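# What the coordinates show
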Amino acid sequence: MSQLFTPYALGPLQVANRIAIAPMCQYSADNGNATDWHMIHLGHLALSGAGLLMTEATAVSPEGRISAEDLGLWSDANQAALANVVQAIRRHAAIALVVQLGHAGRKASSRAPWQGGACVHLADGGWQTVAPSAIAHAPGETVPIALDEMGLLQIKGAFVAAAQRVHALGIEGIELHAAHGYLLHQFLSPLSNKRTDAYGGSLDNRMRFPLEVYDAVPATVAVGVRLSATDWVDGGWEIEQSVRFAQELKQRGADFIHVSSGGISPQQQIPVGPGYQVAFAERIKRDSGLPTISVGLITEAQQAEDIIANGQSDMVALARAILFDPRWPWHAAAQLGAQVQAPPQYWRSQPREYKNLFGDTTLGQR
């Protein structure tokens, strides 16, 4: 029996199989509000047969957006717009939902990738960014303001308020974004955190603010963390520190950890290849005991099956691979001899050679 298509639980969050759809920024929101694009994008992915669908990085405040077109959850209007998408998904798909809550820190105020992705300076309509320390992400970019005590409290409060909106939306889980060079990762990494107070210096101090945010978020739904396991830069955040951080999260009752890497510095040197981050997930799973999601160039059904069957992670997450093939879970189930959920409107698409792919289906027509 395929292990990839067995059910699992991330704390209180039950999933039908071990396939997650990773958060993927769409740069298509209107003042933080989900638009028709989100209805189409998330709606069709909800019909994919995956067990779990995560929203793109969803900003907890306007200045926390990566771009001016990022999805947000800081206002009643944001909540109402996302509610329309969630309600449509609920009517037609049984997939579990998670919102990734984040703050971009010094990497905020950027253009969309198809516009070059560069920093938008204040003179060009951008906004002042904030960070642990007044260090720009790259030369020539906006220098962020180092957060003071009041700034830290405001950001923590914004995470809490956004989490409360997730609960009000009836969404089953929250992923706190502490990866890819964004604000919580900026506190973790010694490359971006040069503070001399209780939030900088030692590993315990650098972990303090991300852990305070985790502690403050109400555990009314499953709560986990997206982590960059290494910065891929000498002297930066690395796997040993990631293990320590994961162990701290485990002690606090975290429901899962989603293991990625990189993003803190343009000096990173990433040896990209199939499953290149899986070994990090395996190490963190083994040494922390947290339910673990692996991600990164997982593109083939047998590759994903082997990761789960060998115990390297508890779930696999797909991003670009499922954009390229939105029915990847269907095709994987067919290849592995498993069953997958599909809406009844699509049952007639089941190939004749896979008579039980969609389970016990009944069709008739005059």
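### Points about the packing of helix α8 (residues 301–309) against helix α10 (residues 328–336)
When two helices pack together, their arrangement is given by the angle between the helix axes and the distance between those axes. Axis separation between α8 and α10 bottoms out at 9 Å; the angle between their running directions is 75°. Here α8 lies roughly perpendicular to α10, going by the angle between them. Contacts from A301, Q302, A304 and E305 in α8 reach W328, A332, Q335 and L336 in α10. Among the residues forming the contact of α8 with α10, the class breakdown is five nonpolar, two polar and one charged.

### Side note on helix α3 (residues 149–168)
Given a rise of 1.5 Å per residue, 20 residues ought to cover 28 Å, and the 29 Å separating the end C-alpha atoms of α3 matches this to within 8%. Those residues of α3 that sit buried are G151, L152, I155, K156, A158, F159, V160, A162, A163, R165 and V166. Along its buried surface, α3 packs onto α2 (76–92), β5 (96–102), β6 (130–131), β8 (173–178), α4 (183–188) and α5 (203–216). Residue D148 occupies the N-cap position of α3, its side-chain oxygen lying 3.3 Å from the main-chain nitrogen of M150.

### A word on the pairing of strand β9 (residues 222–228)
The buried fraction of β9 is high, at seven of seven residues. What you see with β9 is no split at all: A222, G224, R226 and S228 on one side and V223, V225 and L227 on the other are buried throughout. Sheet topology places β8 next to β9; six bridges connect them, and they run parallel. Considered in β9, the bridge of I174 is made with V223. The pairing of β9 with strand β10 (residues 256–260) spans five bridges and is classified as parallel. Along β10, the bridge assignment pairs V225 with I257. After leaving β9, the chain enters helix α6 (residues 239–251) and then returns to the sheet as β10, a path that is right-handed.

### Examining the packing of aromatic side chains
Aromatic rings in a pair are described by how distant their centres are and how their planes are angled relative to each other. The tally for this structure, following the rule as stated, stands at seven aromatic pairs. Plain terms: the ring middles of W330 and F358 are 4.9 Å apart, the flat faces sit at 65° to each other, and that makes the pair edge-to-face. With a gap of 28 residues between them, W330 in helix α10 and F358 in the segment after α10 connect regions that are remote in the sequence. These aromatic residues form a ring-pair network of at least three members: F187, Y199 and F209. Above the face of the W330 ring, R327 is positioned so that its terminal group lies 5.1 Å from the ring centre.

### Notes on the side chain of R206
Position of R206 among the secondary structure elements: in helix α5. A distance of 2.6 Å separates the side chain of R206 from the backbone oxygen of L188, its partner in a polar contact. Within the structure, R206 has its side chain in polar contact with the backbone oxygen of G201 (distance 3.1 Å). In this structure R206 touches F187, L188, S189, P190, N193, Y199, G200, G201, W237 and Q241, once residues within four positions along its chain are discounted.

Procedures and definitions
- The numbers attached to residues start from 1 for each chain and follow its sequence in the written order.
- Local features in this predicted model are restricted to residues whose pLDDT is 70 or higher, and side-chain atom pairs enter the listing and the counts only when it is 80 or higher, whereas totals over whole chains, interfaces and linings include all residues.
- Hydrogens are left out, water is left out, and the side-chain values use all remaining heavy atoms of the structure.
- Axis geometry follows a simple rule: fit a line to the C-alpha atoms, using only the stretch in contact for helices, then measure angles between N-to-C directions, giving values from 0 to 180 degrees.
- Numbering of helices and strands starts at the N terminus; helices are DSSP runs of H or I of at least 4 residues and strands are runs of E of at least 2.
- What sets the label is the angle itself: under 35 degrees gives roughly parallel, over 145 gives roughly antiparallel, 65 to 115 gives roughly perpendicular, and the rest give oblique.
- Residue contacts follow a heavy-atom distance rule, with two residues in contact if any of their heavy atoms lie within 4.5 Å.
- Each residue gets one of three labels, nonpolar for Ala, Val, Leu, Ile, Met, Phe, Trp, Tyr, Cys and Pro, charged for Asp, Glu, Lys and Arg, and polar for the others, Gly among them.
- One less than the residue count of a helix, multiplied by 1.5 Å, gives the span that helix is expected to have.
- Partly exposed describes any residue whose relative accessible area lies between the buried limit of under 20% and the exposed limit of over 50%, with all areas from a 1.4 Å probe on protein chains only and scaled to the type maximum.
- Whenever a nitrogen or oxygen atom comes within 3.5 Å of another N or O atom, the pair is scored as a polar contact, on the condition that within protein one atom can donate a hydrogen and the other can accept it, and that pairs from neighbouring residues in sequence are kept only if both atoms are in side chains.
- Here, strands pair whenever DSSP counts at least two bridges between them.
- A crossover counts as right-handed when, viewed with the strands pointing away from the observer, the path leading from the first strand over the helix to the second turns clockwise.
- When the centres of two rings from Phe, Tyr and Trp lie within 6.5 Å, Trp using its six-membered ring, the rings pair. Their planes under 30 degrees apart give stacked, over 60 give edge-to-face, and anything left gives tilted.
- We call a charge positioned above a ring when the Lys NZ or Arg CZ atom is no farther than 6 Å from the ring centre and deviates by at most 35 degrees from the ring normal.

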